[in-house]
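A look at the structure
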Amino acid sequence: MSDQSPAAAKSARLEIEALRAELRRHRELYYVAAEPEISDVEYDALERRLQDLESAWPQFAVVDTPTGTVGSDSDARFPSLPHSRPMLSLANTYEPAEIDDFVTRLRRDLTGPSAALPVVLTVEPKIDGVALALRYRDGRIEAGLTRGDGRSGDVITANAATIAGVPERLPANWRDAFPQPAPTCVEARGEAYLSLSRFAALNAERQDAGLEALANPRNATAGTLKTLDVEEVKRRRLSAFFYQLFPLPEPDGTSAADFPDHSAEMAALRALGLPVNEFLRTAGDAAGVHAHLDELQRRRDELDYQIDGAVVKVDSRAQQVALGFTAKAPRWGVAYKFAAEEAVTRLREITLQVGRTGVITPVAELEPVALAGTTVSRATLHNWDELARKDIRVGDTVVVAKGGDIIPKVLRVLIERRRGDEQPLPPPTACPVCGSPTSRREDEVALRCGNARCPAIMAGRLRLFAGRDACDIDGLGGRWIDLFLERGLVKGPADLFGMDRETLAGLPGWGEKSADRLLSGLARAKQRPWAAKIFALGIPQVGVSTALTLARHHDDIDALLKATPGKLADLPDIGPVVGEQVCAYFEGEDGRDLVASLRAAGFFLEHEDLPPKPAAAGDNWFAARTFVLTGTLETMTRQEARAAIEALGGKVAGSVSRATHVVVAGAKAGSKLDKAVELGIEVVDEAGFRARLDEQGGGHGSANA
Ligand code: IVH
């Protein structure tokens, strides 16, 4: 029995809470942001540690712990639908011996009539993509869903229909593929992925266009499935492999017959014309399974897609049903993950990266080397403790691996290859970007830049602020953020709203068009959902789903500023650790300044469904009002008028309705003007409109002057 003293209990509770918060953060990075910071192997190790602690300390159990739930890719920009059956995950193993344990356990756990049948196991590749469910009604596609939180998924039907081999209509004889009588509605589940060749081609195109490279095929797939522009999704050319097919309950409540086994299910998928992986083997015992696993691992490099292991399943449906599920995964299947592939190369240099939170990370710059289907030239070294522990020096010959195939890392140094001139790199005493002294927080291994105004920290914050899940500012890529900072045009997110059109248009690589695009993007940023705005603040530990929880329970920033750690800790998914961090952020100078400066810039932090606040005297006439432009404007184009309105916090709509606040009527205005008069809506002519713009300081970008 472990130490059960109050002190040990407290330390276990703190570690459990910290692990839960950490795992939730990594899930969000993986599923939502599609930008994981750690490999699957490291993630699985954290999850195992939590599982062990939770078993040792059952008094700290909670229902929504990451060990009992699957990760969530839910994204507020897409509608969601409940899954017909939960979309679960699989238990993982990296140890060959655990396959033997799995087979032994199956035989032991099988009871009832199906226990008398021989156990047949299937082995197939575990595709490293993104789970996808397709629902067909009467042979026509009805919905394409992501995993979401496993219970409901995001509806991405149009995007799913662009995937090679995913038909909008099943072949006319689709019913013949099912046991009779055939069902009305069916669901196929599988994995969407981006082929390695397509991934390389897309990155080559992006490089030509000066865009940032897609990090890896899986993340690119996740991002593509969650792209709003279906033409762009089509252009990416996703692929998929399907591995599940089942009838949905009939409208009269009866259920159609299921397949007798997984092999028959796969054959039916094939008959429907859905893409199915050609590697599907069966085995009667663990030794047979191992032989197939070895073959798959040998053939791994020949494939034009990434696999991160193999899936071993019980073939018989009757046995599957008898074995059933845990809360998170079926007992009839297991994922065997392949050990990371390794390569040997030389470490040319160690550079220092300063992140959004000021953490300084050493990065290995490597001689480019081929590894698991991509060329690797950089690897993370995590922190100085790790550098010292592994005794990594500049000039060393090192072994690199893609742990779980995501971010490459330096595993170890080949000491025997040292020539004597390799140089260790001591931890920096000054920030490589701004030169401020570095520091370490108590209980942290990370070294940080202590200057909140460090350009690298600012760049990270601005990137987060402008990013897709935050303000989604069209036209504001990372290199422009760097340019703005370099030129001293902005110091923080709020300054973005004060930029004027002329300055922007005059920047190298810019022009009027790109300036207008950014100004519209900034105006739209002010209309983003409240949860996205909370996420945009970059509060430590607050990712997209935590931001959503905060948004659901607080109407506006003032309510959030009043929240106490205790109150926040009671919200779903937010423990005491995150609760403390959120409050500490708003109590700190940085958080307070950001909120105040955004407010002053007309970026209101509040729920989008709150009734608009009445405009006070002297207020910006444009803010939060909806405009309709009609007729011909003489002194500006419609696009310019629109950009000016949006830059001042207004919205422009295409047609007049009761929701319209102002109609700007140019020459020869027609039916829209009539409608405005009929509805009693405020109408201004071009001169009046210009006068209002002048009141605000001349229009473009001067809303905050
Ligand atoms: S069967 C109850 N077969 O891996 C879940 N899954 O870690 C049954 N995956 O959720 C899933 N290739 O997204 C299955 N051949 C395969 C797979 C596969 C990839 C994914 C899938 C699953 C996850 C589990």
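Summary of the structure given here. Fair warning: this is a prediction, and the values are worked out from it, not measured in the lab.

Examining the site of the ligand
- Close to the ligand lie 13 residues; Glu124, Lys126, Glu191, Tyr243 and Lys313 are nearest.
- Interatomic distance of 3.0 Å between a backbone N/O atom of Ile127 and a nitrogen atom of the ligand.
- Look at the ligand: alone it shows 520 Å² of surface, and the protein chains cover 92% of it.
- Going through the elements one at a time, strand 3 (121–127) and strand 10 (307–314) are the ones with two or more residues in the shell around the ligand.
- Broken down by element, the shell around the ligand gets its largest block of residues, four residues, from strand 3.
- Split into classes, the residues belonging to the shell around the ligand amount to eight nonpolar, no polar and five charged.

Focus: helix 12 (residues 455–466)
- In this model helix 12 runs 16 Å from its N-terminal to its C-terminal C-alpha over 12 residues, within 8% of the 16 Å that 1.5 Å per residue would give.
- Taken across its 12 residues, helix 12 has nine buried, putting it largely inside the fold.
- In this fold, the buried residues of helix 12 make contact with strand 12 (342–354), strand 20 (447–449), helix 13 (478–486), helix 14 (493–496), helix 17 (530–536) and helix 22 (589–600).

Quick notes on the sheet that holds strand 10
- Taken together, five strands build an open sheet; the order of strands is 2-11-10-3-9 and the sheet is mixed. Looking along the sheet, the strands with just one partner apiece sit at the ends: strand 2 (91–93) and strand 9 (281–283). On average, each strand axis in the sheet is inclined to that of its neighbour by 30°, with strand direction left out of account.
- Taken strand by strand, helix 3 (residues 96–109) contacts strand 2, strand 3, strand 10 and strand 11 (333–337), and its axis lies near 175° from that of strand 11.

Observations regarding the pairing of strand 5 (residues 140–146)
- Burial runs high along strand 5: five of the seven residues are buried.
- In the sheet, strand 4 (residues 130–137) pairs with strand 5 via six bridges, with the strands oriented antiparallel. Paired with Leu134 across the strands is Gly144, a residue of strand 5.
- Connecting the antiparallel pair strand 4 and strand 5 is a turn made up of two residues, with Asp138 showing a positive phi of about 50°.

Here we look at the packing of helix 21 (residues 576–587) against helix 22
- In contact at an axis separation of 4 Å, helix 21 and helix 22 are set at 65° when each is read in the N-to-C sense. Classified by the angle between their axes, helix 21 and helix 22 sit roughly perpendicular to one another. Contact residues: helix 21 offers Tyr585, Phe586 and Glu587, while helix 22 offers Glu589, Gly591, Arg592, Leu594 and Val595.
- By residue class, the composition of the contact of helix 21 with helix 22 is four nonpolar, one polar and three charged.

Quick look at the packing of helix 12 against helix 13
- Taken N-terminus to C-terminus, the directions of helix 12 and helix 13 make an angle of 135°; their axes are 10 Å apart at the nearest point. Regarding the angle of helix 12 to helix 13, the classification is oblique. When you trace helix 12 past helix 13, the crossing you get is right-handed. Contacts between helix 12 and helix 13 involve Pro455, Met458, Ala459, Leu462, Arg463 and Ala466 from the first element and Gly478, Ile481, Asp482 and Leu485 from the second.
- A per-class count over the contact of helix 12 with helix 13 returns seven nonpolar, one polar and two charged.

What to know about unusual backbone geometry
- A cis amide bond, omega -5°, links Gln180 with the succeeding residue Pro181.
- Mapping Pro181 onto the fold places it in the loop between helix 4 (157–160) and strand 7 (185–193).
- A positive phi is found at Arg237, a non-glycine position, where the angle reads about 60°.
- Here Arg237 is to be found in the loop between helix 7 (230–236) and strand 8 (239–247).
- One non-glycine residue, His382, adopts positive backbone phi at about 65°.
- Classification of His382 as partly exposed rests on a relative accessible area of 23%.

Concerning the sheet that holds strand 23 (residues 662–665)
- The sheet built from four strands is open, its strands ordered 22-21-23-24 with parallel pairing. At either margin of the open sheet sits one strand with a lone partner, and together these are strand 22 (651–653) and strand 24 (682–685). Averaged over all adjacent pairs, the angle separating strand axes in this sheet is 30°, with direction ignored.
- Most of the contacts of helix 23 (residues 638–647) go to strand 21 (residues 626–630), to which it runs at about 170°, and overall it touches strand 21 and strand 22.
- Strand contacts of helix 24 (residues 671–679): strand 21, strand 23 and strand 24, with the helix running at about 140° to strand 21, the strand carrying the most contacts.

Cut-offs applied
Residues numbered from 1 in each chain as written. Predicted model: local features only at pLDDT ≥ 70, side-chain atom pairs only at ≥ 80, totals over all residues. Heavy atoms only, no water. Near = heavy atom within 4 Å. Polar contact = N/O pair within 3.5 Å; in protein donor to acceptor, adjacent residues only side chain to side chain. Areas by Shrake-Rupley, 256 points an atom, 1.4 Å probe, with all protein chains shown as cover. Helix = DSSP H or I, 4+ residues; strand = E, 2+ residues; numbered from the N terminus. Nonpolar A, V, L, I, M, F, W, Y, C, P; charged D, E, K, R; others polar. Expected span 1.5 Å × (residues − 1). Buried < 20%, exposed > 50% of the residue type's maximum accessible area, 1.4 Å probe, protein only. Contact = heavy atoms within 4.5 Å. Pairing = 2+ DSSP bridges. Axes fitted to C-alpha atoms, helices over the stretch in contact; angles between N-to-C directions. Parallel < 35°, antiparallel > 145°, perpendicular 65-115°, else oblique. Left-handed = near helix turned anticlockwise from the far one by under 90°.

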